[in-house]
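Listed here are the chains, written in short residue letters.
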Amino acid sequence: MMMYIGRLSALLAIVAAPFSSAFTARGNGLLNLLSSTTAATSNLHISSIIHNKQQQSSLHLMSPHEIMDADSISTATSFILSRGSRGSMENAVPPSEGVTLTILTAGFAAIVWFLANEYKYLKEKSNVMDGALNKKERDFTWIDLIDYRLDYFFSTNEWAKVILLFGLSYVLVVFGAGLLVIGDSDDYDTISEAAWTSWTYVVDPGAQADAPSELIPRAVSLFVTLGGLLVFALLIGIVGESIGEKIEDLKTGKSRVFESDHTLMLNWNDKSIAVIQQIALANESEGGRVMVVLSQLEKEEMEERLESAINAKENPLDLMGTEVVFRQGNPILENDLKKVSANTARAVIALTPPDFDSDEADANMLRQVLALKALDEDFGSDGERHVVVELQDVDNKELIKMVAPDFAEIIVNHDMIGRLMLQCARTPELAYVLDSMMGFEGSEFYFDTWPELYGKTFKEITVRFDEAIPVGFRSEDGDVRVNPVDDDVYQEGEEILVLAEDDDSYEPNDGTYPLTAGDCIGNEEECPIYDAVRPPEKILFCGWRRDMSDLISQLDEFVPAGSELWLLNKIPANMREERLLDGGNKAKLKLKNIIMKNVVGDHIIRRDLKRIWDTNAQGEYTGEKVTLDQFDSILILSDETAMKSGEKGSTSSDSRSLAAVLIIQDMMEKMYQLKKRKFASSSEPIKPPCVPVSEILDTRTKSLLNVANCKGYVLSNQIVSSVMAQVAEEKDINVVLSELFSSDGSETYIRPVEKFVDLDEEDTLSFWDVALKARQYREVVVGYKPADLDYDDAEELIINPPNKSVPRRWKEGDKIVVFSLED
């Protein structure tokens, strides 16, 4: 205890030494203060201390090490008291004076200690640098060293600015108080009063108006007030900067998200707005939920894109009560995933980052899945949470399944779009059906349990829902059976898969509707047989995609034997085989049904479209040629180069696709009209031209296609986004959709009504009657399109139509939408 008391006394000596003569002249005030403070703290007799050190006439400035020396402490204290020996020591000083002097002394000592250590550090640094220069001419100064040290201090200490602010304020107060005490004014008898006056000069520039008229007090008030203005400016800057930094942190999304049971979307690409729209539609029945987006894009940029979509004049985005929260960060870093509460999300949608090639994007998705697994080892083990992963190459699908077999649902972007394009190229109207079925705007897939239907066959269940279309079953172990046989029995513990407007919009009816419409007359041999034999097809692919090999392989599964595939693009014929191998990543094509033809040209140039001539591997013409009107299907692929450029690339690709559609439609229409005039007298019907189908990436292009009367298009990004949103809501939907897009499963077809109804015998039947008749072919009827309505006007009838039990008159040209195992 005595050691600390001694150190405090020495600190008092350091502050008091420069002003000792002034203290003596001012009388007994300060002397009494020092006397009472020292007596109260050290419990030593002052007269004894004075006697021991009476002969010392001066005080030297002590170093921090000397401060700790007991002899120095005694010397300093005795000297201060001896300088004030002419004053009276009879009157005790108020305790507040001791507190004030102690505070001022402690602060001054701290500053001296800090500066002494900094000087020592800089001196050592200077010596080290001199040694490193090996006696060469010094190329730095002490100013440079101080600048370096200040830069380090301010960059590593978050409180540096605050310390500087208080340090300057303290120095001004101490300096001002000392000068006021030294001055000749009688207005400052105590150090407390002087310190308080100095403080008012620092914080209030107007306080100097009350300064005494003497020169020194006024000079002090002017100097301290100017310093106070500097301190105030520094304070305003620090406070403003701190508030600005906090606001910037909030704007950039650095704070943690505290949510649970939310949908989390990782990364941002050209599908993000469509995914947000679909999730909002899915949450509409619940009044909206929270959706969190984590991307390396700036938070403000993502918010601006969302706001732009909401305020768009055409097809504006409607969040329907869903709250979208954005955060900036790297989705493959564990800390950033924690920031968005990934471990409490009910579903995660992982989009591929933009501007990556396919392999790099898929590798990034692998790390993404591993990061989620590392964040929570039990992620997805409860079956309630899962991640929907977007991949670019189907060859990488198994890699994701290896590391996350339980919770990863994989959507292979190019593979799905390729299958959609192939189906729509052969049946252009199918694009309307798929667009209606995939999104949450109309009817979508739901699973639910209905105990009252246990023991019923699928044929019986076909007519048991007035507001839904039964499609299949899901067993207790998770297996999904789409389009089962008629006598497949609904077992306890299973769920029924339906197409419905919402999960609470349907329930079973009383089951009184008769099933006789689906019975064969007599025996099975008398059941109708529909002639589904198809001749070979001619198909034209305009453009090139990286996954062209996969696309051709898929087409080979769909078309009859002997079909021809003509490839029109700018890649030289002798390089195409190598491009199909994709640098060794793909196996050589082994086609069973397709004969390939190569045409070199640009599909947006009329001259090239007029000369569709086959060339061999050496680029020589084989002599075989066709015209546009001879093709059964024309598919316009998105530009491969443009697709790599993000949203700008989508616009560029769609522009080329739109131009190609218009040119091809115009050329085929002119050829058709020419044939009609040329063979006007012939009794044989002239085959109308096919509808070219184009892949459209940006949904905003849809309105331009409608204006240009282009009916064949597939909104690829929109459909993929809808599929990902549906799988995010219910993971087993991925199995259903995979089967609907697979050549081995129950695909979507558009049939003429004549396949199921003999219009000469009966033409007035209900929708359920047609559905029961379709079961004779093991097909599930999901909707229809009347002949006198186009697909836009028949939107509510295409999927899950109303009034299923009400008879209507069917006529030639009516179309039936079905899920079927056979083309």
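These remarks concern the structure in this document. For clarity, every value in this text was computed on a predicted model and none was experimentally measured.

Next up on the list: the overall build of the protein. A tally of regular secondary structure across the protein gives 29 helices and 23 strands. By residue count, 50% of the 823 residues in the protein fall in the buried class. Within the protein, contacts between residues separated by at least 24 positions form 74% of all contacts whose residues are at least 6 apart in sequence. Summed over its atoms, the accessible surface of the protein is roughly 40,300 Å², and 53% of this surface lies on carbon and sulfur atoms.

Let us look at the pattern of salt bridges. Going through the model one piece at a time under the given rule, you end up with 36 salt bridges. Between Glu730 and Arg474 there is a salt bridge, with the nearest N and O atoms lying 3.1 Å from each other. Separated by 256 residues along the polypeptide, Glu730 in the loop between α26 (716-729) and α27 (733-740) and Arg474 in strand β8 (residues 468-474) bring together distant segments of the chain. Judged by its relative accessible area of 10%, Arg474 falls in the buried class. Salt-bridge contacts for Arg481 lead to Glu494; the nearest nitrogen and oxygen are separated by 3.2 Å. Here Glu494 lies in the loop between β9 (480-482) and β10 (495-500) and Arg481 lies in strand β9, a separation of 13 residues in the sequence. Assessed through its relative accessible area of 25%, Arg481 is described here as partly exposed.

Next up on the list: the sheet that holds strand β4 (residues 347-350). Strands belonging to one sheet form pairs held by backbone hydrogen bonds; the direction of such a pair is parallel or antiparallel. Read across the open sheet, the six strands follow the order β3-β2-β1-β4-β5-β6; overall the sheet is parallel. Single-partner strands in this sheet number two, and they are β3 (323-328) and β6 (408-412). Adjacent strand axes in the sheet meet at a mean angle of 20 degrees when their direction is disregarded. Sheet topology note: the strand β5 (residues 386-391)/β6 ladder contains five bridges and is parallel. Following the sheet pairing, Val389 is matched in β6 by Ile410. Of the strands in this sheet, β1 (263-266), β4 and β5 touch helix α15 (residues 358-375), which is tilted by about 170 degrees from β5.

Overall, the coordinates contain 16 aromatic pairs when judged by the stated rule. Between Tyr784 and Trp810 the ring centres are 5.1 Å apart and the planes differ by 70 degrees, which places this aromatic pair in the edge-to-face class. With Tyr784 in strand β21 (residues 779-785) and Trp810 in the loop between β22 (808-809) and β23 (815-820), the pair connects residues that are 26 residues apart, well separated along the chain. Overall, the relative accessible area of 9% leaves Tyr784 in the buried class. Under the relative-accessibility criterion, Trp810 is labelled buried at 2%.

For the rest of this paragraph, the subject is the pairing of β4. Side-chain alternation along β4 places Ala347 and Ile349 on one buried face and Val348 and Ala350 on a second face that is also buried. For β1 and β4, the ladder comprises four bridges, and the chain directions are parallel. Counterpart to Thr263 in the pairing with β4 is Ala347. As paired elements, β4 and β5 share four bridges and run parallel to each other. Within β5, the residue paired with Ala350 across the bridge is Val389.

A separate point is the nonpolar core. Phe445 and Phe541 are the most contacted members of the largest nonpolar core, which totals 140 residues. Those residues in contact with Phe445 that sit more than four places away from it in its chain are Met437, Val471, Leu497, Val498, Leu499, Gln726, Ile733, Val736, Leu737, Leu740 and Phe819. In this structure, Val290, Leu294, Val340 and Leu366 belong to the second largest nonpolar core, which totals 29 residues.

Take α26 next. An ideal rise of 1.5 Å per residue puts 20 Å on 14 residues; α26 measures up with 20 Å between its terminal C-alpha atoms. Counting buried residues in α26 gives 13 out of 14 residues, a clear majority hidden from the surface.

The sheet built from four strands is open, its strands ordered β7-β10-β8-β9 with antiparallel pairing. Sheet topology places β7 (444-448) and β9 at the edges, where each strand pairs with a single neighbour. Within this sheet the neighbouring strands show an average axis-to-axis angle of 35 degrees, counted without direction. Alignment of β8 against β9, held across three bridges, turns out to be antiparallel. Across the sheet, residue Gly472 finds its bridge partner in β9, namely Val482. α27 rests against β7, β9 and β10 of the sheet, and its axis sits at about 130 degrees to β7.

Together, Ile143, Ile146, Leu150, Phe154, Leu164, Leu168 and Leu230 make up a nonpolar patch on the protein surface, roughly 590 Å² of accessible area in all. Secondary-structure elements contributing two or more residues to the nonpolar patch are α8 (142-156) and α9 (160-182). As for its position among the elements, Leu168 is in helix α9.

Before going further, it helps to spend a moment on the environment of Val471. Within the secondary structure, Val471 sits in strand β8. Its relative accessible area of 0% is what places Val471 among the buried residues. For the pair Val471 and Leu497, spaced 26 residues apart in sequence, the C-alpha separation works out to 5.5 Å. Those residues in contact with Val471 that lie beyond four places of it in its chain are Phe445, Phe458, Arg481, Val482, Asn483, Pro484, Leu497, Val498, Leu499, Val780 and Phe819.

Moving on, we come to the environment of Leu759. When you line up the elements, Leu759 lands in the loop between β19 (747-752) and β20 (764-765). For Leu759, a relative accessible area of 21% corresponds to the partly exposed category. Beyond its immediate chain neighbours, meaning those up to four positions away, Leu759 contacts Val753, Glu754, Trp810, Lys811 and Glu812.

This paragraph deals with the packing of α9 against helix α10 (residues 191-203). Running from N to C, α9 and α10 point in directions that differ by 130 degrees, and their axes come no closer than 8 Å. With respect to α10, the axis of α9 lies oblique. For the crossing formed where α9 meets α10, the hand is right-handed. Note on element contacts: α10 touches α9 through Ile191, Ala194, Ala195, Thr197, Ser198, Trp199, Tyr201 and Val202, opposite Leu172, Val173, Gly176, Ala177, Leu180 and Val181. Taken together, the residues of the contact of α9 with α10 sort by class into eleven nonpolar, three polar and no charged.

What follows is about a negative patch on the surface. There is a patch of like negative charges on the surface, built from Glu441, Asp790, Asp792, Asp793, Glu795 and Glu796. Given the relative accessible area of 49%, Asp792 is considered partly exposed.

It is worth spelling out unusual backbone geometry at this point. Positive phi values are uncommon outside glycine, yet Asn267 reaches one of about 75 degrees. Turning to its location among the elements, Asn267 is positioned in the loop between β1 and α12 (272-283). Relative accessible area serves as the criterion here: at 6%, Asn267 is assigned to the buried category. One non-glycine residue, Asn803, lies in positive phi territory at about 55 degrees. Here Asn803 is to be found in the loop between α29 (795-798) and β22.

As a further point, take the packing of helix α17 (residues 413-426) against α26. Between α17 and α26, the least distance of the axes is 10 Å, while the angle of their chain directions is 115 degrees. Here the hand of the crossing between α17 and α26 comes out right-handed. Across the interface between the two elements, Asn413, Met416, Ile417 and Leu420 of α17 pack against Ser716, Ile719, Val720 and Val723 of α26. Broken down by class, the residue content of the contact of α17 with α26 amounts to six nonpolar, two polar and no charged.

So, how was this worked out
Residues numbered from 1 in each chain as written. Predicted model: local features only at pLDDT ≥ 70, side-chain atom pairs only at ≥ 80, totals over all residues. Heavy atoms only, no water. Helix = DSSP H or I, 4+ residues; strand = E, 2+ residues; numbered from the N terminus. Buried < 20%, exposed > 50% of the residue type's maximum accessible area, 1.4 Å probe, protein only. Contact = heavy atoms within 4.5 Å. Areas by Shrake-Rupley, 256 points an atom, 1.4 Å probe, with all protein chains shown as cover. Salt bridge = Lys/Arg side-chain N within 4 Å of Asp/Glu carboxyl O. Pairing = 2+ DSSP bridges. Axes fitted to C-alpha atoms, helices over the stretch in contact; angles between N-to-C directions. Phe/Tyr/Trp six-rings, centres within 6.5 Å; stacked < 30°, edge-to-face > 60°. Core = buried A, V, L, I, M, F, W, Y, C linked by side-chain atoms within 4.5 Å. Expected span 1.5 Å × (residues − 1). Patch = residues over 30% accessible without salt bridge, like charges linked within 9 Å, V, L, I, M, F, W, Y side chains within 5 Å. Parallel < 35°, antiparallel > 145°, perpendicular 65-115°, else oblique. Left-handed = near helix turned anticlockwise from the far one by under 90°. Nonpolar A, V, L, I, M, F, W, Y, C, P; charged D, E, K, R; others polar. Lys, Arg positive; Asp, Glu negative; His and termini not counted. Charge placed at Lys NZ, Arg CZ, Asp CG, Glu CD.

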